[in-house]
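Geometric and topological summary
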Amino acid sequence: MQFSSALSDGLLAVACLACAIAIGKARKHYGEADQPALFCALLGFLLPAAAAAAGVIRFSFDPSAEVAHLWLSQASSFLGLPLLGAAALALGRGWQWSRANWGRILLGLCAFFELFRQLNQLEDYRLLLNLATLLLIIYAGAVQWPRRAPLAAAIALAGLFLLAGLGVGTEGFIGPLRRIDLFHTLLILAYPLLAWLLLSLPGSAKRRKREENLVKTL
């Protein structure tokens, strides 16, 4: 049993669940046009929370949960994180995408996953998809200029995700520490930053109100 990995997965599950709760509570302060984006953001946090919870079971007392853990981890990587990136883009730009369009994004992500799985190119697709997602998140922070905090948070969380995925990984050790535990630790820092960023973005109604106030001051 890997009790250190069970502990780090448990902390990751708590962090992601707290992010999901924060998004859920904040939804009532947004307009109807922003609700689909916020729902997808909620799903984007619940998937890694579920994957981490399955990891707790796998590493603490039931190794047979490995299949569920790996499946949920894939769902988090190929579906959850891209949905968070899309939500950041929509909220950051104040774009109003219908539920049907969000459904198409969801179906498209599932279709591309299956396509690249059939082509045996999942790892290359994962890398490209995650890099594209992180670029969307950085862009969503950058368009908030002259507000600096969203861009700083976006760059920081993108760096954490890149360090976790490309620099640390999940196999082997770094000195006495398991790489998977360091991987979890970096994600524990990254996901709350992402939740803060999403909640700091204006959304359609808030952006429109801010632009109207700017026009009045001119």
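Everything in this summary refers to the structure shown in the same document. Given the structure is predicted, the values throughout are model-derived calculations rather than measurements.

In this section: the overall build of the chain. For the chain, the helix and strand inventory stands at eight helices and two strands. If you list the helices and strands of the chain from N to C, you get α-α-α-α-α-α-β-β-α-α. Dimensions of the chain, computed from C-alpha atoms along their principal axes, come out at roughly 65 × 35 × 30 Å. The contacts in the chain between residues at least 6 apart in sequence include a share of 71% that link residues at least 24 apart. Carbon and sulfur atoms make up 69% of the accessible area of the chain, which totals about 11300 Å². Between the mean site of the 19 positive side-chain charges and the mean site of the 12 negative ones, the chain shows a separation of 13 Å.

Where helix 5 (residues 122–142) contacts helix 6 (residues 149–168), the two axes come as close as 7 Å, and the packing angle between them is 165°. As judged from the angle between their axes, helix 5 and helix 6 are roughly antiparallel. Crossing geometry of helix 5 relative to helix 6 is assigned as left-handed. On helix 6, the residues that touch L127, L131, L134, I137, I138, G141 and A142 of helix 5 are P150, L151, A154, I155, L157, A158, F161, L162 and L166. Classifying every residue of the contact of helix 5 with helix 6 by side-chain character gives 15 nonpolar, one polar and no charged.

Before going further, it helps to examine a nonpolar patch on the surface. On the surface, a nonpolar cluster with roughly 330 Å² of combined accessible area is contributed by L127, L131, L162 and L166. Mapped onto the nonpolar patch, the elements with two or more residues apiece are helix 5 and helix 6. Relative to the helices and strands, L166 resides in helix 6. Under the relative-accessibility criterion, L166 is labelled exposed at 59%.

What follows is about the nonpolar core. Counting 53 residues, the largest nonpolar core has F45, L84, I137, F161, Y191, L194 and L198 as the members making the most contacts within it. Where this core is concerned, the elements lending two or more residues are helix 1 (3–26), helix 2 (35–60), helix 3 (66–93), helix 4 (99–118), helix 5, helix 6 and helix 7 (179–200). A total of eleven residues in this core trace back to one element, the largest contributor, which is helix 3. Sequence-distant contacts of L198, defined by excluding residues within four places in its chain, comprise I23, Y30, A41, F45, L84, A87, A88 and L91.

Along the chain, S8 turns up in helix 1. Not counting chain neighbours up to four residues away, the residues in contact with S8 comprise D181, H184 and I188.

With that out of the way, let us pick up the environment of D124. Looking at the element boundaries, D124 is found in helix 5. Residues D124 and L160 lie 36 residues apart in sequence; the distance between their C-alpha atoms is 20 Å.

Taking 1.5 Å as the rise per residue, helix 2 with 26 residues should run 38 Å; its terminal C-alpha atoms sit 37 Å apart, in good agreement. Most of helix 2 is tucked away, with 19 of its 26 residues classed as buried.

With that settled, consider the packing of helix 1 against helix 2. Put simply, helix 1 and helix 2 touch, their axes get as near as 8 Å, and they point 160° apart. Regarding the angle of helix 1 to helix 2, the classification is roughly antiparallel. You can see that helix 1 and helix 2 cross each other, and the crossing is left-handed. In terms of residue class, the contact of helix 1 with helix 2 is made up of 20 nonpolar, five polar and one charged.

In this section: the packing of aromatic side chains. Enumeration over the complete set of coordinates arrives at seven aromatic pairs. Taking 5.1 Å as the distance between ring centres and 50° as the angle between the ring planes, the aromatic pair formed by W97 and W102 counts as tilted. Note on W97: relative accessible area 22%, which makes it partly exposed. Residue W102 is classed as buried on the basis of its relative accessible area of 4%. Here the aromatic rings of F161 and Y191 are separated by 5.3 Å at their centres, their planes lie at 90°, and the arrangement is edge-to-face.

Definitions and limits used
- Residues numbered from 1 in each chain as written.
- Predicted model: local features only at pLDDT ≥ 70, side-chain atom pairs only at ≥ 80, totals over all residues.
- Heavy atoms only, no water.
- Helix = DSSP H or I, 4+ residues; strand = E, 2+ residues; numbered from the N terminus.
- Contact = heavy atoms within 4.5 Å.
- Areas by Shrake-Rupley, 256 points an atom, 1.4 Å probe, with all protein chains shown as cover.
- Lys, Arg positive; Asp, Glu negative; His and termini not counted.
- Charge placed at Lys NZ, Arg CZ, Asp CG, Glu CD.
- Axes fitted to C-alpha atoms, helices over the stretch in contact; angles between N-to-C directions.
- Parallel < 35°, antiparallel > 145°, perpendicular 65-115°, else oblique.
- Left-handed = near helix turned anticlockwise from the far one by under 90°.
- Nonpolar A, V, L, I, M, F, W, Y, C, P; charged D, E, K, R; others polar.
- Patch = residues over 30% accessible without salt bridge, like charges linked within 9 Å, V, L, I, M, F, W, Y side chains within 5 Å.
- Salt bridge = Lys/Arg side-chain N within 4 Å of Asp/Glu carboxyl O.
- Buried < 20%, exposed > 50% of the residue type's maximum accessible area, 1.4 Å probe, protein only.
- Core = buried A, V, L, I, M, F, W, Y, C linked by side-chain atoms within 4.5 Å.
- Expected span 1.5 Å × (residues − 1).
- Phe/Tyr/Trp six-rings, centres within 6.5 Å; stacked < 30°, edge-to-face > 60°.

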